[in-house]
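# Inside the fold
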Amino acid sequence: MPFSPPDCDPGLRAELDEITSSLVGAAAERQVGAVAALAGRHPHGIRLLQEVPATLEGPARYNCFMFALGLAPPPVAVHVVMHQAPDTYPGADFVRWLVTTSRLTPAAGPLDGAVVVYFDGEGPRHAGLLDGDDVVSKWGLGHLWRHGCWEVPRAYGDTVRLFDAPGPGAGAAWFLEFAARLARGG
């Protein structure tokens, strides 16, 4: 079920772009205050759910796709693959493969727990989980946020598609299959 952004505040999305691209690494702790300060210029419903320390490393580190697909924190087998083959990562290429191979199936409707994937053109750029009228998502390797569907950085794209939530362990199994295909050159 693809849909494009309704009338949303382009200024909010542009400023979120700036915040998420400039306040990374050690500066990520300033994202929380920067997002809160936006409310005076661009009213929004973005709320911090979990602050993630910039120093988080190793198996505890995860991205938005990993969060949405049940890979956060990464299971041991997934972490081992990521460590042994750093170019094999559960990122946008992995999600593209899940969509094109129909492992992720389109949701029949906006049900809680559905995987929300943001696209820019045909490429997946971001993902989260539907929770009521909101989305819960991890912004990069940074913090976990609750926000309206279009209260995200502009770089995350202008199309959203909803997919059924994978069953327990499915995300890890899919990633291991994806990694094996890459290792074989396919």
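Structure shown above.
Residues numbered from 1 in each chain as written. Predicted model: local features only at pLDDT ≥ 70, side-chain atom pairs only at ≥ 80, totals over all residues. Heavy atoms only, no water.

The strand order across the open sheet formed by six strands is S1-S5-S4-S3-S2-S6, and the pairing between neighbours is antiparallel. One side of each edge strand has no neighbouring strand; the edge strands of this open sheet are strand S1 (47-50) and strand S6 (159-163). For this sheet the average axis-to-axis angle between neighbouring strands, irrespective of direction, equals 35°. In this sheet, strand S4 (residues 134-138) lies alongside strand S3 (residues 123-131) in antiparallel orientation, the contact comprising four bridges. Bridged to Leu 129 within S4 is Val 136. Sitting on the sheet, helix H5 (residues 92-100) is in contact with strand S2 (115-120), S3 and S6, with an inclination near 75° to S3. (Pairing = 2+ DSSP bridges. Helix = DSSP H or I, 4+ residues; strand = E, 2+ residues; numbered from the N terminus. Axes fitted to C-alpha atoms, helices over the stretch in contact; angles between N-to-C directions. Contact = heavy atoms within 4.5 Å.)

As a further point, take the packing of H5 against helix H6 (residues 170-183). Between H5 and H6, whose axes approach to 11 Å, the crossing angle comes to 100°. With respect to their mutual orientation, H5 and H6 come out roughly perpendicular. Every residue of H6 that contacts H5 at Asp 93, Phe 94, Trp 97 and Leu 98 is listed here: Gly 171, Trp 174, Phe 175, Glu 177, Phe 178 and Arg 181. Across the contact of H5 with H6, the residue classes tally to six nonpolar, one polar and three charged. (Parallel < 35°, antiparallel > 145°, perpendicular 65-115°, else oblique. Nonpolar A, V, L, I, M, F, W, Y, C, P; charged D, E, K, R; others polar.)

Below, the discussion takes up the pattern of salt bridges. Applying the stated rule across the entire model yields eight salt bridges. In this structure, the salt-bridge partner of Arg 146 is Asp 131, at a minimum N-O distance of 2.4 Å. Within this pair, whereas Arg 146 is found in strand S5 (residues 144-148), its partner Asp 131 is found in strand S3, the two being separated by 15 residues in sequence. The salt bridge involving Glu 177 is made with Arg 181; its shortest N-O contact spans 3.5 Å. Separated by four residues within a single helix, Glu 177 and Arg 181 lie in helix H6, roughly one turn from each other. (Salt bridge = Lys/Arg side-chain N within 4 Å of Asp/Glu carboxyl O.)

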